[in-house]
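# Examining the three-dimensional arrangement
Take a look at the letters that make up each chain.
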Amino acid sequence: MTPPFQLLAATAAGGRRGRLSLPHQTVETPVFMPVGTQGAVKTVPPDTLKALGAEILLRNTYPLYPRPGHESIHRMGGLHRFMSWPRAILTDSGGFQVFSLSSLRKVTEDGVQFRSHLDGSSHFFTPEHSIDVQIALGADVIMAFDECTEYPADHGRAQESLRLTMAWARRSLAHFRAHRHEVPWRNMVQHEPGVPNPKRENSCLGRETSEAQTQLLFGIVQGGMYPDLRRQCAEQIVDMDFNGYAIGGLSVGEPRELTFDIISEVLPLLPKDKPRYVMGVGYPDEIEQYSRLGVDMMDCVLPTRAARHALLFTSEGRLNIKNKQFAEDQSPPDPACSCPVCRRYSRAYLRHLMQAGEPLSATLNSIHNLALYLGVMQRLRNSLDPFPDEGKTGF
Ligand SMILES: [Zn+2]
């Protein structure tokens, strides 16, 4: 069987051009993944994301767990079908959000006890439960359950947190290997080769999936801001033989130079033939910088969250569309951008929508910001690729 990740080209500085073959989409890397918390990228419909060239989305697991519930989504055929997104999805383990959103949480060797943000009910999240939930949702890539070490944390605290993350990684992997066949979409797409499958009629699944294809499980390297702990974690996690590796515990309030140092420290310790994912970064120049170091995948809420607060990322820098100076500015938000918003609307109109509190404001601002992020990655792929993948967007 062909390995899911192919390295197509690499630069002397470490930058990589690759291809990740997932059950629902072949993803060209390096790639940026737009984030959707409640099963949707806020204010942006799936067809628009497709047209912008998004090949893989990140979905947070925890918010879908109490409502509508992972078992309900499993019964309905999985997350792709539920949200009508035919391309790839990555889900996080739920750990980060359990830690960051929930009050009254208690971490033990076995897992995390917490209260629901919806109704105050008590829940216990273990590595096995996180994997069960992620298999039921049916994303293409799922993540091991880990503890995201807070910042700042002293060496002793980071070491203890790391010990827990490594124990939970082993349990996540064992449980995944025993239950990976329970993914919701495998049965729905099995059919005789060459024979049309009636179950595929009106299916939102965008391509054939085969019996051999199933979810990939990524391990996560933690260790706080300590290079020795990061090294120790990377070596042990790589020994466990995951399908890919993430660097977690960054963008938690540390200075940007430290983020760069930790990524630079960890990347050489990860195998060259598997995808590398840095979680939760960053600004447009950061995602370019980290890709040039050899990061293949990144996600961040920033383009859509900033959009809802009037902040547009442009080729000329950041622009606050609420500013009075744009009141009669007929130029597009970013003259160098060819997204549908910049081709059609003026800064003056976007400022008016924001001032008037129109929901369309969040939609248009988000479309532009996502187009800019996805455009940064496409240009980067082209620069790394002797055969550029131009013309992938629908615009
Ligand atoms: Zn634009």
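Notes on the structure in this doc start here.

Rules behind the numbers
- Residue indices begin from 1 for each chain and proceed along its sequence in written order.
- Side-chain atom pairs in this predicted model are given and counted only at pLDDT of 80 or more, local residue features only at pLDDT of at least 70, and totals for whole chains, interfaces and linings cover all residues.
- Note: side-chain values were computed over all heavy atoms of the structure, leaving out hydrogens and water.
- Distances up to 2.8 Å from the metal define which N, O and S atoms are donors, and 3.2 Å serves for Na, K and Ca; water is absent from the atom set, so sites may look incomplete.
- In this scheme the shape depends on donor count and angles: four donors with every angle between 85 and 135 degrees give tetrahedral, four or six donors with opposite pairs above 155 degrees and others between 65 and 115 give square planar or octahedral in turn, and any other case is irregular.
- Throughout this description, buried means an accessible area under 20% of the type-specific maximum (1.4 Å probe, protein chains only), exposed means over 50%, and partly exposed covers the range between.
- Only buried Ala, Val, Leu, Ile, Met, Phe, Trp, Tyr and Cys residues count toward a nonpolar core, and they belong to the same one when joined by side-chain atoms within 4.5 Å.
- Note on conventions: DSSP H or I runs of at least 4 residues are helices, E runs of at least 2 residues are strands, and numbering of each starts at the N terminus.
- Only heavy atoms enter the contact rule, under which two residues are in contact if any of them lie within 4.5 Å.
- One bridge is not enough; two strands pair if DSSP finds at least two bridges between them.
- Fitting a line to C-alpha atoms yields each axis, with helices limited to the stretch in contact; the angle taken between N-to-C directions then spans 0 to 180 degrees.

## Describing the coordination of the zinc ion
- At 2.1 to 2.3 Å from the zinc ion lie its protein donor atoms, namely Cys337 (SG), Cys339 (SG), Cys342 (SG) and His368 (ND1).
- One can describe the site at the zinc ion as tetrahedral: its four donor atoms subtend angles covering 97 to 120 degrees at the metal.
- Within one chain, the residues donating to the zinc ion are spaced in sequence as C-x1-C-x2-C-x25-H.
- Relative accessible area serves as the criterion here: at 16%, cysteine 337 is assigned to the buried category.

## Observations regarding the nonpolar core
- Among the nonpolar cores identified, the biggest contains 87 residues, and Phe32, Leu49, Ile237, Phe242, Val278 and Met298 are the most heavily contacted of them.
- The greatest single-element share of this core, amounting to ten residues, is contributed by helix α13 (residues 359-384).
- Other than its neighbours up to four places away in sequence, valine 278 contacts Ile247, Leu250, Ile263, Val295, Met297, Met298 and Asp299.
- Grouped together as the second largest cluster of nonpolar side chains are 20 residues, Phe5, Ile56, Ala88 and Leu90 included.

## Describing the sheet that holds strand β2 (residues 16-22)
- Across the sheet, three strands lie side by side as β1-β2-β3; this open sheet has antiparallel pairing. The outermost strands of the open sheet, each flanked by one partner alone, are β1 (5-10) and β3 (25-29). Direction aside, the axes of adjacent strands within the sheet are offset by 15 degrees on average.
- With five bridges connecting them, β2 and β3 associate as antiparallel partners. Bridging from a neighbouring strand, serine 21 pairs with threonine 26 of β3.
- Running at roughly 115 degrees to β2, α13 makes contact with β1, β2 and β3 of the sheet.

## Considering the pairing of strand β6 (residues 88-91)
- A two-sided burial pattern is seen for β6, the buried positions comprising Ala88 and Leu90 on one face and Ile89 and Thr91 on the other.
- Pairing analysis gives four bridges linking strand β5 (residues 56-59) to β6, with the strands arranged parallel. Along β6, the bridge assignment pairs isoleucine 56 with alanine 88.
- Sheet analysis places β6 next to strand β10 (residues 141-143), joined by two bridges and oriented parallel. The residue bridging leucine 90 from the neighbouring strand is valine 141, located in β10.

## Quick notes on the sheet that holds β5
- Taken in spatial order, the eight strands line up as β4-β5-β6-β10-β11-β12-β13-β14 and close into a barrel, and their pairing is parallel. Going from strand to strand, the sheet's axes swing by 25 degrees on average, the running direction of each strand aside.
- Most of the contacts of helix α5 (residues 127-137) go to β10, to which it runs at about 165 degrees, and overall it touches β6, β10 and β11 (216-221).
- Contacting β4 (31-36) and β14 (297-300), α13 runs over the sheet at an angle of about 160 degrees to β4.

## Re helix α2 (residues 65-75)
- Within α2 the residues assigned to the buried category are Tyr65, Gly69, His70, Ser72 and Ile73.
- For α2, the secondary structure elements touched by its buried residues are α3 (79-83), β8 (112-115), β9 (122-125) and α5.
- Directly after α2, the chain includes glycine 77, whose backbone phi takes a positive value near 100 degrees.

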